[in-house]
Amino acid sequence: MHELSGPDEARKTVEYWADEGVTSFKAYTHITHAELKAAIDAAHARRLKVTGHLCSVGFHEAAALGIDNLEHGLLEDTEFVPEKKPDVCPSWEANHAALDQLDIESAPIQHMIHDLVQHHVAVTSTLPVFECGVAYRPPLDRLYRTIDLLASEAALDYRNARSSTAAWSTDKAGEELRKERFWRTFGANLGVRTRTKIPRFCHLQHRDKEATDLLFL
Ligand SMILES: [Zn+2]
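Residue numbers run consecutively from 1 along every chain, following the written order of its sequence. Side-chain atom pairs in this predicted model are given and counted only at pLDDT of 80 or more, local residue features only at pLDDT of at least 70, and totals for whole chains, interfaces and linings cover all residues.

*Asks:* Go over the overall build of the protein with me, naming the residues and quoting the values.
*Replies:* Only DSSP runs of H or I with at least four residues qualify as helices, and only runs of E with at least two residues qualify as strands; both kinds are numbered from the N terminus onward. A count of helical and extended segments in the protein gives ten helices and four strands. Along the chain direction, N to C, the helices and strands of the protein fall in the order α-β-α-β-α-β-α-α-β-α-α-α-α-α. Looking at the protein as a whole, 22% of its 217 residues qualify as buried. For the purpose of contact definition, each residue receives a C-beta atom placed from its backbone, and two residues are in contact when these atoms lie within 7 Å. Of the contacts made within the protein by residues no fewer than 6 positions apart, 69% connect residues no fewer than 24 positions apart. Residues are called buried when their C-beta atom has 20 or more other C-beta atoms within 10 Å, exposed when it has 12 or fewer, and partly exposed otherwise; all C-beta atoms are positioned from the backbone.

Rendered as structure tokens:
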């Protein structure tokens with residue numbers, strides 16, 4: 001993936017692709033604060049939208065810059081990682097360790113949620129993607145009839161993906177629960193009740209999603 005060299009290139013990239021007909025942009029993990037600002041300003045000047053799968057920039061910062069949407073939820077908000085440095089994406093391990101310590105009801109998380117709502121920043125959950133990282137979900141004996149409906153190649157593909165997840169996944173039940181609580185709290189702040197029912201064939205859906213991503217910054 002191409003990496004931006006600075007805010008000027010971020011602006012030029014948005015302007016070039018907007019001229020080519022692109023209507024929305026997705027900022028990716030290592031984008032800097034200045035690059036994200038330049039991209040958002042250039043997109044908004046043309047009434048286009050920017051979403052972000054962020055890491056180096058926290059949700060508070062992104063909301064202040066005017067981002068329109070955030071992808072995947074709390075796991076991508078690294079601002080709660082201890083000793084997080086500006087414009088640096090913390091390690092996967094540091095991020096997960098910080099997530100384990102988070103209390104959704106605590107003041108900093110509640111403040112972040114209120115801030116997003118106040119800035120009209122939407123958040124896309126992509127819970128089926130996260131479900132792919134949890135072993136043995138759902139139990140296989142509940143799936144036999146559904147697997148029978150798949151083409152044999154797709155069924156084999158699903159079983160292989162499931163086995164490889166089981167080989168490296170640790171018990172993430174607590175983490176999943178925390179993520180679901182985040183969505184309920186976020187929804188409550190918007191005045192809506194959320195359901196976090198997770199579609200079953202996550203591995204297949206993950207591929208569909210990747211095929212629909214438009215342009216990474
Ligand atoms: Zn993403």
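Back to the write-up after that little detour.
*Asks:* Explain the pairing of strand β2 (residues 49-52) to me, using residue names and the numbers behind them.
*Replies:* Across four bridges, the pairing between strand β1 (residues 24-27) and β2 is parallel. Looking at β2, one finds that Lys26 is bridged to Thr51. The parallel pair β1 and β2, bridged by helix α2 (residues 33-45), forms a crossover whose chirality is right-handed. Strand direction decides the pairing type here: β2 and strand β3 (residues 69-71), joined by two bridges, are parallel. Within the sheet, the bridge partner assigned to Thr51 lies in β3 and is Asn69. When DSSP finds at least two bridges between two strands, those strands are taken to pair. When the strands point away from the viewer and the path from the first strand over the helix to the second turns clockwise, the crossover is right-handed.

*Asks:* So what's going on with the environment of Ala27? Residues and values would help.
*Replies:* Its place among the elements puts Ala27 in strand β1. The spacing of Ala27 and Glu71 is 44 residues in sequence and 9.7 Å in space, taken between C-alpha atoms.

*Asks:* Mind laying out the sheet that holds β2, listing which residues take part and the relevant values?
*Replies:* The four strands are arranged β1-β2-β3-β4 in an open sheet whose pairing can be described as parallel. Two strands in the sheet have a free side with no partner beyond their single neighbour: β1 and β4 (122-124). Neighbour-to-neighbour, the strand axes of this sheet turn through a mean angle of 25°, independent of strand direction. Fitted lines through C-alpha atoms serve as axes, helices being fitted only where they are in contact, and the angles separating the N-to-C directions of these axes extend from 0 to 180 degrees.

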